[in-house]
Amino acid sequence: MKKKIYSIYQKILYALTYLSARLNSPFLFASIYIIQLRKPREIKTKDKNKINLIILEKSGGTHDIINSLKNHKSKKNIFFSDRNFLKIIHDQFTNSATFKDFEKYDVKKEINNAKYMSFLNNFLNYMSKHFNNVEFMTFNFNYRPNFSLQHACKRSDINYYVCLKECMSTDGEFYIDHSVYRKYYKSFNDITKVSVYNYRTKNKLISNKLLDKNKIQVIGYPRLNINQKKIRKNNKLKITFFLIDPLVGLGRIKGRTTHQYHNKFLNTKFKKLFDWQIMLDDTISTIKKLSIKYPNVEFVFKGKIGVHEEYLNKIKKDKYSNIKTFSGGVGTSFLESSDLIISFGSTVIFESMVLKKNVLVPFYKKFRKNPFLKFVHKYPKTILADSRNDLEN
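These numbers were taken from a predicted model, which means no experiment stands behind them.

**Focus: the nonpolar core**
Moving on, step 1. If you look at the biggest cluster of nonpolar residues, it comprises 49 residues, and the most contacted ones within it are Tyr33, Ile54, Phe123, Phe136, Phe141 and Phe188.
Moving on, step 2. Counting residues per element, this core draws most heavily on helix H6 (residues 114-131), at eight residues.
Moving on, step 3. In contact with phenylalanine 136, other than residues within four places in its own chain, are Tyr33, Leu53, Ile54, Phe123, Leu124, Leu149, Cys153, Ile158, Asn159, Tyr160 and Tyr161.
Moving on, step 4. Counting residues in hydrophobic clusters, the runner-up holds 38 residues, among them Leu280, Val297, Ile342 and Phe367.

**Thoughts on the packing of helix H2 (residues 26-36) against H6**
Moving on, step 1. It is at 9 Å that the axes of H2 and H6 come closest, and there the two elements cross at 50°. Relative to H6, the element H2 lies oblique. Considering the relative orientation of H2 and H6, their crossing is right-handed. Across the interface between the two elements, Pro26, Phe27, Phe29, Ala30, Tyr33 and Ile34 of H2 pack against Phe119, Asn122, Phe123, Tyr126, Met127, His130 and Phe131 of H6.
Moving on, step 2. Split by residue class, the contact of H2 with H6 holds 11 nonpolar, two polar and no charged.

**Comments concerning the packing of aromatic side chains**
Moving on, step 1. With the rule as written, the count across this model stands at 22 aromatic pairs.
Moving on, step 2. Between phenylalanine 242 and phenylalanine 334 the ring centres are 6.4 Å apart and the planes differ by 85°, which places this aromatic pair in the edge-to-face class. With phenylalanine 242 in strand S9 (residues 238-242) and phenylalanine 334 in helix H13 (residues 332-337), this residue pair connects regions lying 92 residues apart in the sequence. Here the two residues phenylalanine 242 and phenylalanine 334 agree in accessibility, since each one is buried.
Moving on, step 3. Feature note: the residues Phe29, Tyr33, Phe93, Tyr116, Phe119 and Phe123 constitute an aromatic cluster, connected by ring pairs.

**Notes on a nonpolar patch on the surface**
Moving on, step 1. On the surface, Ile8, Ile12, Leu16, Leu19 and Leu23 cluster together to form a nonpolar patch covering roughly 450 Å² of accessible area.
Moving on, step 2. On the secondary structure map, isoleucine 12 appears in helix H1 (residues 2-22).

**With respect to the pattern of salt bridges**
Moving on, step 1. Counting across every chain of the model gives 10 salt bridges.
Moving on, step 2. Between aspartate 386 and arginine 368 there is a salt bridge, with the nearest N and O atoms lying 2.6 Å from each other. With aspartate 386 in the loop between strand S13 (358-360) and helix H15 (388-392) and arginine 368 in the loop between S13 and H15, this pair connects stretches of sequence that are 18 residues apart.
Moving on, step 3. Overall, the relative accessible area of 31% leaves aspartate 386 in the partly exposed class.

**Some remarks on H2**
Moving on, step 1. Along H2, the residues that are buried comprise Pro26, Phe29, Ala30, Ile32, Tyr33 and Gln36. Projected down its long axis, H2 carries its buried residues within an arc of 165°, all on one side. Facing away from the buried side of H2, by more than 90 degrees, are the exposed residues Phe27 and Ile35.
Moving on, step 2. Of the surrounding secondary structure, the elements contacted by the buried residues of H2 are H1, strand S2 (52-56), strand S4 (77-81), helix H4 (84-94), H6 and strand S5 (134-138).

**Focus on unusual backbone geometry**
Moving on, step 1. Here asparagine 24, not a glycine, exhibits a phi torsion of approximately 55°, which is positive.
Moving on, step 2. Along the polypeptide, asparagine 24 turns up in the loop between H1 and H2.

**Concerning the side chain of threonine 170**
Moving on, step 1. Along the chain, the position of threonine 170 falls in the loop between strand S6 (160-163) and helix H8 (171-184).
Moving on, step 2. A distance of 3.1 Å separates a polar side-chain atom of threonine 170 from the backbone nitrogen of glutamate 173.
Moving on, step 3. Within the local environment of threonine 170, its side chain forms a polar contact with the backbone oxygen of lysine 374, the two atoms lying 3.4 Å apart.
Moving on, step 4. Beyond its immediate stretch of four places on either side in the chain, threonine 170 contacts Arg200, Gly249, Lys374, Phe375, Val376 and His377.

What counts and how
Residues numbered from 1 in each chain as written. Predicted model: local features only at pLDDT ≥ 70, side-chain atom pairs only at ≥ 80, totals over all residues. Heavy atoms only, no water. Core = buried A, V, L, I, M, F, W, Y, C linked by side-chain atoms within 4.5 Å. Buried < 20%, exposed > 50% of the residue type's maximum accessible area, 1.4 Å probe, protein only. Helix = DSSP H or I, 4+ residues; strand = E, 2+ residues; numbered from the N terminus. Contact = heavy atoms within 4.5 Å. Axes fitted to C-alpha atoms, helices over the stretch in contact; angles between N-to-C directions. Parallel < 35°, antiparallel > 145°, perpendicular 65-115°, else oblique. Left-handed = near helix turned anticlockwise from the far one by under 90°. Nonpolar A, V, L, I, M, F, W, Y, C, P; charged D, E, K, R; others polar. Phe/Tyr/Trp six-rings, centres within 6.5 Å; stacked < 30°, edge-to-face > 60°. Patch = residues over 30% accessible without salt bridge, like charges linked within 9 Å, V, L, I, M, F, W, Y side chains within 5 Å. Areas by Shrake-Rupley, 256 points an atom, 1.4 Å probe, with all protein chains shown as cover. Salt bridge = Lys/Arg side-chain N within 4 Å of Asp/Glu carboxyl O. Arc of directions from axis to C-beta. Polar contact = N/O pair within 3.5 Å; in protein donor to acceptor, adjacent residues only side chain to side chain.

What follows is the structure, given as C-alpha cells:
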C-alpha cells in the first residue's frame, strides 16, 4: 500500500515538474525539487553543518556514499535526489537526440540554449536562497542533464562533484568511452572535483585531456568496506550468479548493430558484431540443470534492471524450487551470504576475492585472444571456466 501511495505521489511531482517547464517557471520547479529531497537515515551529520550537498541518485552509487561514511559523521548535510526531475526539465527544453545516440548530440547547442540555461540558472538561484550554501554531486559523466547542470553550476559559483563509478573499465572500454567523451563533451573541467577508485582511471582521464590533474582525487573502493561479522556460514550450499550483461566491457555501443563502430575506435578487424551472450545463456542453462541434480543447493540469480528482466521472468515461470531471482539493488548482501559467486565483467568478482569467497568466471578459452582481450579484465586462470563443458563439470 505504501509503495502505491508513493508511486502516485511521485507521478504527481513528475507532472508538476513537466508543468514547470511548460510554464517556464524555475520557482515552481525549485519548490518541487526541494519537496522531493530526502535525508538518508544511515548517514549521521555533525551539528551546525553549513553546507548542503544534494546527491543525484544512481543505483549502487548512493550505497557507496553510505558505506564510505560508516562510523563517521558527515561534515555536510546530505540529501538524496531523484535525478529524473532534471531529466524531465532537460527533455522539455532541448528536444535533442536520445541518451544513447551520442553522434547526434550537440553539447554547444544545449549550453547555448538561452532559455534552458536561464531556467537552470534561476533554479540554482532559488536553491541557493533556500539552502544558503548548496552543492551537487553525481556518479558519472555521460548522463545528459547532468552536463547542463554542471555547466550552470560553474557559472553560478556552485560546487559540482562527481564520485565516478566507472573506474573498472576494460582497456577497450576506456578507449571507446573517452574517445566519445572527447568528441562530444570536449572536457569536464566545469566539474569542481572528481573522485576515482584507482590511479589507472586518473591517468586515463589526464592523458585523454578530459580533466586537469588537480581536479582528480583517488579515494579507493568504498564498497570493499564490508563488515566481516556479517559473513555467515550457510547450513546448505548457496551459489549466486550475477547475470552477465552481454555488452559488459564493450564501451558505449548500446544500440549499435554493426561491428564497424569497434573497428573505427580500436583499429580492430571484427567481421561481425560480437557480445558475451553465449556465456550468459550457457551459465543460465547449466545452473538450471544443476538445480535439478542438486535439490539441496540454493541457487540465486541476481540481474540488472533494464538488462535481465526477460531472463528472470522466464526462470520464475519455470518455478524451480531451489532457484531465487532478484532484479536491481546492490549486491553486497548476496556476496556476504554466498559460498560461490559466478560472474563475468563485474566488480563483484574483485569484491568476492577480497572476501575470500569461491569465484567462478565463465570466460571461455576461445575468447582469450586479441582483440577480445581488450574488453575483459585480467583474472587468475584458476577461477576461469574454459568452455560450457568445463562450466558444467
